[in-house]
Amino acid sequence: MSNTTTEMTLDLEAKRLSVVEPGTRVDVQGDMSDEERVEKAMTNFAKDFGRVTATYMEACIHCGACAHACPFYKASGNPRHTPIWKIEPFKQAYKREAGPLAFFYKAFNLKPKVTVDELKEWQELLYDTCTLCGRCTLICPMSIDIATLVGMARHGMFHAGLVPHELYTVTEKAQREGSPLGATPQVFEDRVEWMGDEHEVEMHMNEDQADVLVLMSSIEIQKYPESMAATAKILNQMGKTWTFRTDGYEATNFGMLSGNTGWQKEMSMKVIDTAEKIGAKLVILPECGHAYQALRWQGANMYGKPLPFKVQHISEFLADAVDSGSLKLKTVNKTVAFHDPCQVSRRGGATSAPRKVLEALGVKLIESKSGGSMNTCCGGGGGVITIHRADTLRYKVMGAKFRQLGETGAEMMVTSCSNCRQNFDDSGEKLNWDKQMNSLLELVADNLVEEAEK
Amino acid sequence: MTLLDFARGPAMQIAIIIFVVGIVWRLVGVWGLRQKKDLSEARSKGAWVGGLKGLFAHAWPYKPFVPSVGTQYIVGYVIHLGLFIVLFFGTPHMLFFADIVGFTWWTLPGGVITFVAVITTVALFIALAKRLTNPVQRLISNFDDYATWFVTTLPFVTGLATNANLWPDYETGLAIHLLSVWLLLIYFPFGKLMHSFWFVVSRYTTGSRFARRGGMA
Ligand code: HEM
Ligand code: SF4
Ligand code: SF4
């Protein structure tokens, strides 16, 4: 989409001499005509115009408050990053095509037709600068769930072939190989075996029947394999019959993040079918925020009926385990700040779970200023971390997060989302953070009171 | 027929019909849309309690947001309370409604109403100034935002002018004031003034959806 041009102005203000940053370059997939793209976007937008969506789009009073809750607006100060502005084409399509006053808007052309240029311009707003964190809903006087609307608007964008390349690539890979980051069934099996040997922990792979099916995210499989050992160690100690399965292990759902509902469903169904096949009563999700959203809250809607098993995020499982006394933990003498993964706490409802676990660990939890369910997002969720051109702003968002966590003065940083964690690792290196983000699960596994010590 | 007769007669009837039919049309147009049932297992029962809580929770910003939007909320409250007080507790307004409903009620002294109306008008101008100067609001505003402001402010300005007897001809002035209110009623169903209904639906929807999950909204 970019031409060589000599007409760019030099940027003599910045430390690095270059030309002024050109406008965002837009990614396109497929070779549809512009008309086709718009039509695909409109058809797929329209599929989401239900009562709830309509209520939200009618209710906005354009007060602009939402900007003040959004980590991206706060980092950039760019009015285009105002949450409600991010769904403008979606809203425009609704008002023109579906709302009760559609005839009126059309007749007087008060809401013009959405154009392909507009959709392209909005790619950055719908993908690079929204993690679907839902903080904007908290501040909105009308309580509009903008994150859900952004997620919906992505459906139209995907089918119009207007997804950032990186996100499209990993999604396509996930659809084809079963994992977005190369954690194919074979890789998964090998790495589970390796972790079993390395940590001398008994692994259960491909058991025919089990009460508990354990999922992993490809981030863990590839970057934080200790998670697999930690989960196994805990479940073994609790005497659970559990298993990993190569036919249903991937917890991430890039179909959901990128906006392909068909693929989202296929990805969820792999796991659901596997759990049914082995008669699982419980599916444990790893430390991954959006996986919780995808299976716990959207899984049944993909399946078309209630799920025949329970779904828990690992932090909920651990909270229940310490609550019931089936898991005993050693005391960790540290002050801790906890970073809440948005999809698990604010949008998932499991805010108290990690706190129970931390309490059982005996640490002193220091809540950050806007903590718990009001937590500010780390800026990496919703697929944002995959997108290279979003890096500059993502680091800025994380800068604010580091300051906020720093203000707690806590010695140890803990979270329960490996996507957040990789964002902390990546940004930490970039911004020379003097701390390290730790996993709640691994902290628990490292501090189990072993059978013999009981 | 004088302008005042017109304002008190056919103009009022037309305005009220458009107002009522328009509101029903818009509400039914949205409520008539399909909505898939959420099949996920609820964390807790009684989501409607969360819906009701949502109605009140968003009446004032949560603590971390007060520094950034607290003032804006105060201006908003001045506008809305002012609207309410002047509309229902101004003696001429009460008498006007009493004619329709058949009973009277307590009102505030004229001086107080004038004072409230002036404050409200000032607050409306502050809101407009903010909309025009704040980069975020400027970007996201459209025709409706300015039209809404205009039809809301006009009755205040014409009302104050009538009250202060600033019109060359009192009766024509009063007629203009009445017509400005009918304009508000006619515009009401077509723009964001409908937020006086949507705020209930939207806050309840989010409140109950997230109470079901145990999340925060
Ligand atoms: C009864 C429930 C109502 C609620 C809860 C409500 C709530 C709100 C809120 C939260 C705002 C945004 C204020 C801001 O910018 O921070 C607003 C703006 C506004 N409301 Fe209402 N409102 C109600 C009824 C009405 C009615 C009946 C009218 C007029 C007839 C009205 C006229 C306005 C106007 C003109 C604005 C825009 C001010 C601007 O330009 O920013 N409201 N309302
Ligand atoms: S805070 Fe809510 S009502 Fe205000 S502009 Fe944003 S979405 Fe609209
Ligand atoms: S969901 Fe989060 S990132 Fe997206 S617009 Fe709202 S506050 Fe910003």
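Here, the structure is the one placed above.
A quick note: this is a predicted structure, and the numbers were derived from the prediction, not measured.

How would you sum up the sheet that holds strand β10 (residues 437–439) of chain A? Please name residues and give values.
All names here are of chain A. Strand order across the open sheet formed by four strands is β8-β7-β9-β10, with parallel pairing between neighbours. Of all the strands in the sheet, the pair left with one neighbour each is β8 (364–365) and β10. As paired elements, strand β7 (residues 335–339) and strand β9 (residues 412–415) share four bridges and run parallel to each other. Counterpart to Ala337 in the pairing with β9 is Met413. This element, helix α18 (residues 352–360), spans β7 and β8 of the sheet and lies at about 165 degrees to β7.

Could you give an account of the coordination of the iron atom of ligand 1, naming the residues involved and the relevant values?
Residues and elements named next belong to chain B. The protein atoms that coordinate the iron atom of ligand 1 are His80 (NE2) and His195 (NE2), at distances spanning 1.8 to 2.0 Å. Each of the six donor atoms around the iron atom of ligand 1 contributes to a set of angles spanning 84 to 179 degrees, which defines the coordination as octahedral. Of this pair, His80 sits in helix α4 (residues 66–89) while His195 sits in helix α10 (residues 195–213), placing them 115 residues apart in sequence. When its relative accessible area of 16% is taken as the criterion, His195 is described as buried.

Account for the environment of Leu440 of chain A, naming residues and giving values.
Relative to the assigned elements, Leu440 of chain A resides in helix α21 (residues 440–446). For the pair Leu440 of chain A and Ala69 of chain A, spaced 371 residues apart in sequence, the C-alpha separation works out to 27 Å.

Report on helix α12 (residues 226–237) of chain A, specifying residues and quantitative values.
All names here are of chain A. For α12, built from twelve residues, the straight-helix expectation of 16 Å at 1.5 Å per residue is met to within 8% by its first-to-last C-alpha distance of 16 Å. Burial of α12 is extensive: nine of the twelve residues sit out of reach of the surface. Among the residues of α12, those classed as buried are Ser227, Met228, Ala229, Ala230, Thr231, Ala232, Ile234, Leu235 and Gln237. Positioned one or two residues after α12, Gly239 has a phi angle of 70 degrees, which is positive.

Kindly report on the site of ligand 1, identifying the contributing residues and their values.
By nearness alone, 15 residues border ligand 1, and Ile61 of chain A together with Gln72, His80, Arg131 and His195 of chain B come closest of all. In this structure ligand 1 sits where residues from chains A and B come together. Here Gln72 of chain B contributes a side-chain N or O atom positioned 3.2 Å from an oxygen atom of ligand 1. His195 of chain B places a polar side-chain atom, nitrogen or oxygen, 2.7 Å from a nitrogen atom of ligand 1. When contributions to the shell around ligand 1 are tallied by element, the ones reaching two or more residues are α4, α6 (110–133), α8 (143–163) and α10 of chain B. When grouped by side-chain class, the residues that make up the shell around ligand 1 number seven nonpolar, six polar and two charged.

Break down the packing of helix α1 (residues 34–46) of chain A against helix α8 (residues 146–159) of chain A for me, with residues and values.
Residue and element names in this part refer to chain A. Between α1 and α8, the shortest axis-to-axis distance is 7 Å and the interhelical angle comes to 150 degrees. Considering their axes alone, α1 and α8 lie roughly antiparallel with respect to each other. Between α1 and α8 the crossing geometry is right-handed. Residue-level inspection shows Lys40, Ala41, Asn44 and Phe45 of α1 in contact with α8, the latter providing Ala153, His155, Gly156, Met157 and His159. Its residues assigned to classes, the contact of α1 with α8 shows four nonpolar, four polar and one charged.

Before we move on, could you go through the pattern of salt bridges and cite the residues and values that matter?
Residue and element names in this part refer to chain B. Under the criterion given, the structure shown has 27 salt bridges over all chains. Residues Asp145 and Lys192 are paired through a salt bridge, measuring 3.1 Å at the closest nitrogen-oxygen approach. On the criterion of sequence distance, the pair formed by Asp145 in helix α8 and Lys192 in the loop between α9 (170–187) and α10 is long-range, its members being 47 residues apart. Accessibility expressed as a relative area gives 12% for Lys192, which makes it buried.

Describe in detail the site of ligand 3, supporting the description with residues and values.
Taken together, Cys70, Pro71, Phe72, Pro83, Lys86, Cys130, Thr131, Leu132, Cys133, Gly134, Cys136 and Ala147 of chain A are the residues near ligand 3. Considered class by class, the residues forming the shell around ligand 3 number nine nonpolar, two polar and one charged.

Break down α8 of chain B for me, with residues and values.
With 21 residues, α8 of chain B ought to run about 30 Å at 1.5 Å a step, and its terminal C-alpha atoms sit 30 Å apart, in line with that. Maximal helix bending in α8 of chain B amounts to about 25 degrees, located at Thr153 of chain B; proline Pro155 of chain B follows within four positions.

Talk me through the packing of α8 of chain B against α9 of chain B; I want residue IDs and the actual numbers.
Working note: a packed helix pair is described by the angle between its axes plus the distance between those axes. All names here are of chain B. Remark: α8 packs on α9, axes separated minimally by 9 Å, with the N-to-C direction vectors making an angle of 155 degrees. In terms of orientation, α8 lies roughly antiparallel with respect to α9. In the packing of α8 onto α9, the handedness of the crossing is left-handed. Contacts between α8 and α9 involve Phe143, Asp144, Ala147, Thr148, Val151, Thr152, Leu154, Pro155, Thr158, Gly159 and Thr162 from the first element and Tyr170, Gly173, Leu174, Ile176, His177, Ser180, Val181, Leu183, Leu184 and Tyr187 from the second. Considering only residue class, the contact of α8 with α9 consists of twelve nonpolar, eight polar and one charged.

Residue-level account of the sheet that holds strand β6 (residues 310–313) of chain A, with values.
Sheets are built from strands that pair by backbone hydrogen bonding, the pairs being arranged parallel or antiparallel. All names here are of chain A. Sheet architecture is open: four strands sit in the order β4-β3-β5-β6, paired in parallel fashion. Bordering the open sheet on either side are β4 (242–243) and β6, each of which pairs with just one other strand. Note: strand β5 (residues 282–285) against β6, four bridges, orientation parallel. Counterpart to Val283 in the pairing with β6 is Val311.

Can you explain the interface of chain A and chain B? Please cite residues and give values.
In this assembly, 64 residues from chain A lie in contact with 51 residues from chain B. Taken together, the two surfaces of chain A and chain B that pack against each other cover about 5000 Å², and 60% of this comes from carbon and sulfur. Here chain A and chain B share three salt bridges between them. As a salt-bridge pair, Glu316 of chain A and Arg43 of chain B come within 2.9 Å of each other at their nearest N and O atoms. Taken together, the links from chain A to chain B amount to 33 residue pairs in polar contact (both at pLDDT 80 or more). Breaking the side of chain A that touches chain B down by element, the ones donating at least two residues are α2 (51–59), α5 (102–107), α7 (135–139), α15 (289–297) and α16 (299–303) of chain A. When residues of the side of chain A that touches chain B are assigned to their parent elements, the largest contribution, seven residues, is made by α2 of chain A. Class assignment of the residues belonging to the side of chain A that touches chain B gives a composition of 34 nonpolar, 17 polar and 13 charged.

With reference to specific residues and values, describe the packing of aromatic side chains.
Using the criterion set out here, one finds 28 aromatic pairs over all chains in the structure. Between the aromatic rings of Phe402 of chain A and Trp433 of chain A, the centroid separation amounts to 4.3 Å while the plane-to-plane angle is 15 degrees, which identifies the pairing as stacked. One end of the pair, Phe402 of chain A, is in helix α19 (residues 391–407); the other, Trp433 of chain A, is in the loop between α20 (418–430) and β10, and 31 residues separate them in sequence. Aromatic side chains Phe125 of chain B and Trp149 of chain B sit 5.0 Å apart centroid to centroid with 85 degrees between the ring planes, which places their arrangement in the edge-to-face category. With Phe125 of chain B in helix α6 and Trp149 of chain B in helix α8, this pair connects stretches of sequence that are 24 residues apart. Judged by its relative accessible area of 17%, Trp149 of chain B falls in the buried class.

Conventions and cut-offs
- Residues numbered from 1 in each chain as written.
- Chains lettered and ligands numbered in written order.
- Predicted model: local features only at pLDDT ≥ 70, side-chain atom pairs only at ≥ 80, totals over all residues.
- Heavy atoms only, no water.
- Pairing = 2+ DSSP bridges.
- Helix = DSSP H or I, 4+ residues; strand = E, 2+ residues; numbered from the N terminus.
- Contact = heavy atoms within 4.5 Å.
- Axes fitted to C-alpha atoms, helices over the stretch in contact; angles between N-to-C directions.
- Donors = N, O, S within 2.8 Å, 3.2 Å for Na, K, Ca; no water.
- Tetrahedral: all angles 85-135°; square planar, octahedral: opposite > 155°, others 65-115°.
- Buried < 20%, exposed > 50% of the residue type's maximum accessible area, 1.4 Å probe, protein only.
- Expected span 1.5 Å × (residues − 1).
- Near = heavy atom within 4 Å.
- Polar contact = N/O pair within 3.5 Å; in protein donor to acceptor, adjacent residues only side chain to side chain.
- Nonpolar A, V, L, I, M, F, W, Y, C, P; charged D, E, K, R; others polar.
- Parallel < 35°, antiparallel > 145°, perpendicular 65-115°, else oblique.
- Left-handed = near helix turned anticlockwise from the far one by under 90°.
- Salt bridge = Lys/Arg side-chain N within 4 Å of Asp/Glu carboxyl O.
- Bend = angle between axes of the 7 residues up to and from the residue.
- Buried area = accessible area lost by both parts, 1.4 Å probe.
- Phe/Tyr/Trp six-rings, centres within 6.5 Å; stacked < 30°, edge-to-face > 60°.

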